[in-house]
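# Notes for the structure review
Okay, here's what each chain looks like letter by letter:
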Amino acid sequence: MYTKGHHLRLIPAALAALALAACTVLPVEGGTSPSATAVAKPKAVVGQPVSVVSAGATALRTVTLRSTGKVPVDARWTYVDGATKYNAALDAGLLHILDGVAGGRYEPSVPGTARGPLEDGLKLDQQAILARGNLFGTRLVESRMVRGNATGITTSTTFTDLANGAVHHGPDLVAAGSVDALRTLLGDALDDAGVPAAPTRSPRTPATAVPSTTIPSTAAPSETATGSATPTHRSPDRAELLAGAAFGDGGDLVVPLSADPRTGIALPAATSVHVPAVLTGSLLSPVGRAVQAASSSAAPFTPPKPGVGTTARHVNCDLVPCVALTYDDGPNPQTTRLLGILARHDVLATFFEQGINVLSYPAIAKAVAAAGHVIGNHTFNHPYLTSLSAAGISGQIQGATAAIKSATGVTPGYLRPPYGASNGTVLAVAGMPIVNWSVDSQDWLSRDKRVFVPRVLDLVRPGAVILQHDVHAATVDGQDELITALQDRGYQLVTIPQLFAGIPMDPGASFFCRGSHYPCTPGR
């Protein structure tokens, strides 16, 4: 029987039928079936590693190191000017690795004539992979080079909030309870791409969030103490699996793999798997979601601004071979010429100035300070301080300080006694650390760059303080050649405060150079 209620009950069914008809894809003559044109379900796929980024030369600065030693090292890393906490943490991590390689305390060295790719030794390559807002992400690849081939490769990622110094690593991106689900996605991606495991290879070297400090042995790693060549494998844990995890520009989670995530069996080659952003919602930790959002944003990089009056770039002279160029007795017109040479080479130096010359050339003294160089005290008119009374010594030091401060606005923080002459009275009266030298160029004696430049290059060692005089034309004539030669050898040219950074420099204490050999002062 047909009733009004029966009619109402038919309406939903009719609507459903209409909706179904509207959604039905009709075959097109000569076309393909609906199943062939259906949108594929998102899944993890094998892809490229996360790309390196550049945030501009004004913020990021790449440092390279090529050193000799027990194990030769070829390294590259990135500082962020003004990011004090990040730079310090990076230094500490690199020194930890290098100390492990050295089997004790690592000492900087120069490569001498070594050029070209590293054949045998340790290679460290740290580069920026994220620079958005306050967030800065890096990837460090550590490998042992054996006859030109990279072995024992480990990859680790670090994400630093430059505003507050908070640091997170690759494993922090994924929630602890989601690792097994991620492991399945990664394994399926390898299967889909036909990436085979290599069961005949040796067990993988586990990667950690903090790179390994152990250099793999060149002996066959699959051989045990009993001579067995049968390796055992295990599934990598969260720290091992995700040590190098990061995000692509679109928010995909990218995981570099050196072994099958399910079995731990080594892969034939390093492989990166991309997990689409749409599949990561339940996988990520709160930290991971924040980093993912930053990776997908277009926010400009906003690193901390260097402190007021800060011009010197960050450098760690326990990591890299440093030397300090110092110039005595100025200022005079030759100093102006020297400032131009230093500017062309982008080098900062330390000038120990006489008060009487500052009074004669206050504008030049001011230009020295304005260029970012360090000004030290070289007394008022260059007497032997050891021949003076305590009052006479104080007068010489204070007279120079007053002249320098009046001309430049800078109060000198270091004293260099004329002729290096010092005694207990000088040390007691100085009121500031005393900085001497470890390399005497004797430029004042030869007045010939063909003589003093080779002398400096023969005597210089990492951590050296080089003595020269900017009042001699011949000295300035030789600076292009000297600076170029030092930089070609791998030296970082620094100021006195940079060279002795991290070392307490108490008033009346004497310093000649940085290092563990006499008469130098060790940095750590």
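Now for a look at the structure at hand. Nothing here was measured: the structure is a model prediction, and the numbers come from that model.

## Some points on the pattern of salt bridges
Tallied over the full model, the rule gives 15 salt bridges. Between Arg105 and Glu107 there is a salt bridge; the shortest N-O distance is 3.9 Å. When its relative accessible area of 35% is taken as the criterion, Glu107 is described as partly exposed. In this structure, Glu240 engages Arg234 in a salt bridge whose closest nitrogen and oxygen atoms are separated by 2.5 Å. Beyond isolated ion pairs, a larger network of salt bridges with shared partners links Asp191, Asp260 and Arg262.

## Considering the pairing of strand 5 (residues 135–146)
Most of strand 5 sits inside the fold, with eleven of its twelve residues counted as buried. With eleven bridges joining them, strand 4 (residues 121–132) and strand 5 adopt antiparallel strand pairing. The residue bridging Gly121 from the neighbouring strand is Met145, located in strand 5. The antiparallel hairpin formed by strand 4 and strand 5 contains two residues in its connecting segment, where Gly133 sits at a positive phi of about 60°. Linking strand 5 back to strand 6 (residues 149–161) in an antiparallel pair, the connection comprises two residues, with Arg147 at a positive phi of about 50°.

## Concerning the sheet that holds strand 10 (residues 266–275)
A sheet is described by the order of its strands in space; here four strands give the open sequence 1-10-9-8, paired in antiparallel fashion. Two strands bound the open sheet, and with one partner strand each, they are strand 1 (45–47) and strand 8 (246–247). Where strand 9 (residues 253–259) and strand 10 come together, six bridges link them in antiparallel fashion. In the strand pairing of strand 10, Leu253 is matched with Val275. Packed on one face of the sheet, helix 4 (residues 179–193) meets strand 1, strand 9 and strand 10 and runs near 115° to strand 10.

## Some points on the packing of aromatic side chains
Aromatic ring pairs: the centre-centre distance and the angle between the two ring planes describe each pair. A complete count under the given rule lists six aromatic pairs for this structure. Ring geometry for Tyr86 versus Phe136: centroids 5.3 Å apart, planes at 90°, classification edge-to-face. Highlighted residues: Tyr86 in helix 3 (residues 84–102) and Phe136 in strand 5, separated in sequence by 50 residues. Neither residue differs from the other here; Tyr86 and Phe136 are each classed as buried.

## Describing the nonpolar core
Trp77 and Phe136 are the most contacted members of the largest nonpolar core, which has 45 residues in total. Breaking this core down by element, the ones donating at least two residues are strand 2 (60–67), strand 3 (73–80), helix 3, strand 4, strand 5, strand 11 (322–328) and helix 16 (496–499). Ranked by the residues each element gives to this core, the list is headed by helix 3, at seven residues. Sequence-distant contacts of Phe136, that is, excluding residues within four places in its chain, are made with Leu60, Thr78, Val80, Tyr86, Ala128, Leu130, Ala131, Thr158, Phe159, Thr160, Leu162 and Phe301. Among the nonpolar cores identified, the runner-up in size contains 33 residues, and Ala403, Val439, Val456 and Leu482 belong to it.

About the thresholds
- Residues numbered from 1 in each chain as written.
- Predicted model: local features only at pLDDT ≥ 70, side-chain atom pairs only at ≥ 80, totals over all residues.
- Heavy atoms only, no water.
- Salt bridge = Lys/Arg side-chain N within 4 Å of Asp/Glu carboxyl O.
- Buried < 20%, exposed > 50% of the residue type's maximum accessible area, 1.4 Å probe, protein only.
- Helix = DSSP H or I, 4+ residues; strand = E, 2+ residues; numbered from the N terminus.
- Pairing = 2+ DSSP bridges.
- Contact = heavy atoms within 4.5 Å.
- Axes fitted to C-alpha atoms, helices over the stretch in contact; angles between N-to-C directions.
- Phe/Tyr/Trp six-rings, centres within 6.5 Å; stacked < 30°, edge-to-face > 60°.
- Core = buried A, V, L, I, M, F, W, Y, C linked by side-chain atoms within 4.5 Å.

Nothing here speaks to function; it is all geometry.
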